[in-house]
Each structure stands twice: as structure tokens, then as C-alpha cells.
Amino acid sequence: MADLDDDEPLALSSNALDALKDFYAERDARQKQFEDLKAVAEEQHDAATSGEYKPLSMEAFAEDWNESQFWYSDETATALAEELLDGATAEMSIVVVSAPSVFVQVKNLLAKEGKPENERPKIYLLEFDKRFEVFPEFVFYDFKSPLKLPPALKGCADRVICDPPFLSEDCQTKAALTVRWLSKPWGTMCHSSYKLIVCTGERMETLINKLYKPAGIATTNFEPIHSKGLSNEFFCYANIECSKWKWRDQASH
């Protein structure tokens, strides 16, 4: 039997060494990216606390088309964020589901207002992409497990915007289940300040109006624009009319 103490040290092949180098390089790059994003988030938080205003940008978060990530243009994201914040009080909660570009604009608008934290509505970002966990409001969300969320979020939402990641009946239905679970009760509709906005493909219109009918949703004439374009026609559905949009059936008269 060979003496293990006399064994020569194991040597990796050049291909294995190259693969190992690539692995560590990729790991280090991911770590640096995370630290850079975290620094951006902390910088805005510190600026807001000191009364200064430094806007966040989605440029820090590259789109991953394999994950069906398509950010809104700044104009669209800002318009949606403004509607979520319009009339919102410190007692309210705003939940952004799978729409991080809107979440970033919500944070920018709140920071620009310069109000202290205790005078702002609570905001949450439900998102699959863990790059966004640099924000304290991040909650990991996978539409495949629509109710796998912190129990404290159940029934908390006064305002919700949802942009389901995929144009499939399965994804849309599960996202709707999440939205209903998050929201103040739909049935009574006595919660007059409740706002629901869903942005998704035009071909989902019939399903969306069916899934969210108890919340009073309808197709609007507001057309979300994506920063890098999108081949699928996108619609905005909402349970309220406002200065930015009207319901399509009424708008056509």
C-alpha cells in the first residue's frame, strides 16, 4: 500500500486552471457589481436623510432579457410612480410587484419631496432579481410560489402596481393571486383610496379584466413605453381614472 505522506501534490490541468480562474473572476465581478449597487442605494438614502436629493437610475441594473426584464422609460416609470403616490399618506403601504423601474422612481419622488421617513408611505418591492436586495424594501418574489411571502404583507397594500414577467395565463393568474393576497379587501370596495395598476401585454386584456374584475379594473388609454422598445403591444389596466389616463371604453365616446 502506498504511503500517503509520500504522494505528490495533485496538479490541475491547464484547462481546469483556466476554468477555475474564470469562476473566481465571475464571482469577483458579481461581488463588485453588488457592492457598487449597494453603494448607490446607500448614497441616495444618506442624501435623502441629509436633505439632499440624488436620483437613482436604472442604468445601474442591466436588463436580463432571459428573465423577461424590460425596464420602462423614465417618463413612463415616473408617470406610474406619481399615480401611486398621489394622495398617499404615511399610514398607507405601496407594493410594487415585478416593476423595479417604477419602484426606483417612487423612491426618487419620495427623496425629492424631502419628507422624513415617518411621514412617507411604506413601500415594498416584490422582485425575483436579487440584485435589488440592495434596497431595504426588497422582498424576494417568485410568481411560481405566489403566496410564499412574509405573513405581515397579507392585506397590507393600499396601492399596488404589478407587471407580471411573462405573457402566459399561468404567470398572469398567479400574479393576480399575489396581488389579491397583498391588497386590502376587494369585496367591499369601501377602501376608496385603494389603487390597482397592472401593466402587461395587449393580448392579455380579456384575462386581466376577468382576473381583476372584483377590484373594478378596466383597460386604460395609457400606453407604457419601454426604454429599449418592446415588440409586444403593452396596455395599462387600472381601477381608477386620473389625469394621466381614462378607461378606453369611456375615452372612445
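Reading the values: the criteria
Residues numbered from 1 in each chain as written. Predicted model: local features only at pLDDT ≥ 70, side-chain atom pairs only at ≥ 80, totals over all residues. Heavy atoms only, no water. Helix = DSSP H or I, 4+ residues; strand = E, 2+ residues; numbered from the N terminus. Contact = heavy atoms within 4.5 Å. Polar contact = N/O pair within 3.5 Å; in protein donor to acceptor, adjacent residues only side chain to side chain. Core = buried A, V, L, I, M, F, W, Y, C linked by side-chain atoms within 4.5 Å. Buried < 20%, exposed > 50% of the residue type's maximum accessible area, 1.4 Å probe, protein only. Phe/Tyr/Trp six-rings, centres within 6.5 Å; stacked < 30°, edge-to-face > 60°. Lys NZ or Arg CZ within 6 Å of the ring centre and 35° of its normal. Pairing = 2+ DSSP bridges. Expected span 1.5 Å × (residues − 1).

(A) Focus on the environment of Glu137. By secondary structure assignment, the location of Glu137 is in the loop between β2 (122–127) and β3 (138–140). With 13 residues separating them in the primary sequence, Glu137 and Tyr124 have C-alpha atoms 4.8 Å apart. Apart from residues no more than four positions distant in its own chain, Glu137 is found in contact with Phe103, Lys107, Ile123, Tyr124 and Leu125. Only 2.9 Å separates the side chain of Glu137 from the side chain of Lys107, close enough to count as a polar contact.

(B) How the structure looks around the nonpolar core. By size, the foremost hydrophobic cluster in this structure holds 38 residues, and its most contacted members are Leu80, Val102, Ile197 and Trp245. Residues within four places of Trp245 in sequence aside, it is in contact with Leu80, Glu83, Ile197, Thr220, Asn221, Phe222, Cys236, Ala238 and Ile240.

(C) Spatial organisation of the packing of aromatic side chains. Within this structure, the stated rule accounts for 7 aromatic pairs. The ring of Phe140 carries the charged tip of Lys130 above its face, separated from the ring centre by 5.1 Å. Note that Arg248 overlies the ring of Phe235, its terminal NZ or CZ placed 4.1 Å from the centroid.

(D) Main features of the sheet that holds strand β1 (residues 93–97). Overall, mixed pairing links the 7 strands, which are arranged β3-β2-β1-β4-β5-β7-β6 in an open sheet. The outermost strands of the open sheet, each flanked by one partner alone, are β3 and β6 (218–219). Alignment of β2 against β3, held across 3 bridges, turns out to be parallel. Bridge assignment links Leu126 to a residue of β3, and that residue is Val139.

(E) Local environment of helix α3 (residues 100–113). An ideal rise of 1.5 Å per residue puts 20 Å on 14 residues; α3 measures up with 20 Å between its terminal C-alpha atoms. Counting buried residues in α3 gives 12 out of 14 residues, a clear majority hidden from the surface. Those residues of α3 not exposed but buried are Pro100, Ser101, Val102, Phe103, Val104, Gln105, Val106, Lys107, Asn108, Leu109, Leu110 and Ala111. Directly beyond the C-terminal end of α3, a positive phi value near 75° is found at Gly114.

(F) Summary view of the side chain of His226. Among the secondary structure elements, His226 is positioned in the loop between β6 and β7 (234–238). Of the residues examined, His226 reaches a relative accessible area of 8% and is grouped as buried.

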